[in-house]
Amino acid sequence: MTQRRRPILAALLGLPLAFAAAGAAASDYRSLTEPAILYDAPSKQGKPLFVIQRYTPVETVVNIDRWVKVREPAGSLLWLERRQLSDKRTVIITAARADVRQKPEASAPLAFEAIKDVVLELSDKPADGWVKVKHRDGTSGFIRVNQVWGL
């Protein structure tokens with residue numbers, strides 16, 4: 001599609017021009033500094049739905065004053081207090097069992113195994129389908145990006 005046609009198509013579809021020109025913004029993932037209650041509305045008067053554990057990664061979607069609407073690993077969109085978010089990055093295992101390798105290669109020796117819902121610290125940016133992670137016991141290695149959520 002040519003540059004000239006893009007604004008016309010965006011206007012026809014009712015999309016903001018900035019979105020059409022720049023593409024979708026990158027997701028902003030954060031982790032929790034403490035266990036957090038997730039609410040159905042941006043207020044403590046909202047209905048508390050469940051508690052999410054410390055270090056769990058969440059995707060921030062909307063920021064309103066002291067509240068943030070987040071997507072949690074199971075996909076629900078809920079609210080939590082902004083103060084409960086950390087800049088520390090983590091990922092959560094989505095596969096039933098995941099092999100963490102010593103190098104970013106399928107044939108590399110195994111560093112450790114992790115099961116579904118284990119949270120790992122993100123050590124580096126993803127590259128070539130792999131990402132470097134660290135377990136809370138200090139062991140680190142590389143895992144395939146399709147086996148984690150939070151990138």
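From a predicted model like this one, the values you see are computed outputs, not experimental measurements.

(A) Representation of the overall build of the protein chain in the model. Within the protein chain one finds two helices and 14 strands. By residue count, 32% of the 151 residues in the protein chain fall in the buried class. Sequence separation of at least 24 residues holds for 49% of the intrachain contacts in the protein chain that already meet a minimum separation of 6. Carbon and sulfur atoms make up 51% of the accessible area of the protein chain, which amounts to about 9,400 Å² in all.

(B) Layout of the side chain of Glu81. Secondary-structure assignment places Glu81 in strand β6 (residues 77-81). Classification of Glu81 by relative accessible area gives buried; the value is 10%. Glu81 has contacts with Lys44, Arg66 and Trp67, leaving out every residue within four places of it along the chain.

(C) Quick peek at unusual backbone geometry. You will see that Tyr55, though not glycine, has its phi angle at about 75°, which is positive. Structurally, the position occupied by Tyr55 is in the loop between β3 (48-52) and β4 (57-64).

(D) Examining the confidence of the model for the protein chain more closely. Averaged over all residues, the pLDDT of the protein chain is 86; the fraction at 70 or higher stands at 83%. Overall, residues 1-25 carries pLDDT values under 50, and its contacts beyond four positions in sequence, including any with other chains, amount to nine contacts.

(E) Here's a closer look at the environment of Val68. Within the secondary structure, Val68 sits in strand β5 (residues 67-71). Measuring from C-alpha to C-alpha, the distance between Val68 and Leu80 comes to 5.6 Å, with twelve residues separating the pair along the chain. When sequence neighbours within four positions are dropped, the list of residues in contact with Val68 reads Thr60, Val62, Asn63, Leu78, Trp79, Leu80, Arg82 and Leu85.

(F) Summary view of the environment of Ala98. Tracing the sequence through the fold places Ala98 in strand β9 (residues 97-101). Classification of Ala98 as buried rests on a relative accessible area of 0%. Sequence separation between Ala98 and Arg144 is 46 residues, and the spatial gap between their C-alpha atoms is 8.4 Å. Leave out the neighbours within four places in its chain, and Ala98 touches Ile93, Phe112, Glu113, Ala114, Ile143 and Gln147.

(G) Representation of the pattern of salt bridges. For the structure shown, the criterion picks out nine salt bridges. Put simply, Arg97 and Asp99 hold a salt bridge, and the shortest N to O gap is 3.0 Å. Classification of Arg97 as partly exposed rests on a relative accessible area of 46%. The salt bridge partner of Glu113 is Arg97, with a shortest N-O separation of 3.3 Å. With Glu113 in strand β10 (residues 110-115) and Arg97 in strand β9, this pair connects stretches of sequence that are 16 residues apart. Connected via shared salt-bridge partners are Glu34, Lys44, Glu81 and Arg83.

(H) How the structure looks around the nonpolar core. Within the largest apolar cluster, twelve residues are counted, these being Val91, Ile93, Ala98, Val100, Phe112, Ala114, Leu120, Leu122, Val131, Val133, Ile143 and Val148. Discounting residues that sit within four places of it in the chain, Ile93 has contacts with Ala98, Ala114, Ile115, Lys116, Asp117, Val118, Leu120, Ile143, Gln147 and Val148. Listed in part, the ten residues of the second largest apolar core include Leu38, Val58, Val68 and Leu80.

Calculation notes
- Residues numbered from 1 in each chain as written.
- Predicted model: local features only at pLDDT ≥ 70, side-chain atom pairs only at ≥ 80, totals over all residues.
- Heavy atoms only, no water.
- Helix = DSSP H or I, 4+ residues; strand = E, 2+ residues; numbered from the N terminus.
- Buried < 20%, exposed > 50% of the residue type's maximum accessible area, 1.4 Å probe, protein only.
- Contact = heavy atoms within 4.5 Å.
- Areas by Shrake-Rupley, 256 points an atom, 1.4 Å probe, with all protein chains shown as cover.
- pLDDT = per-residue confidence, 0-100.
- Salt bridge = Lys/Arg side-chain N within 4 Å of Asp/Glu carboxyl O.
- Core = buried A, V, L, I, M, F, W, Y, C linked by side-chain atoms within 4.5 Å.

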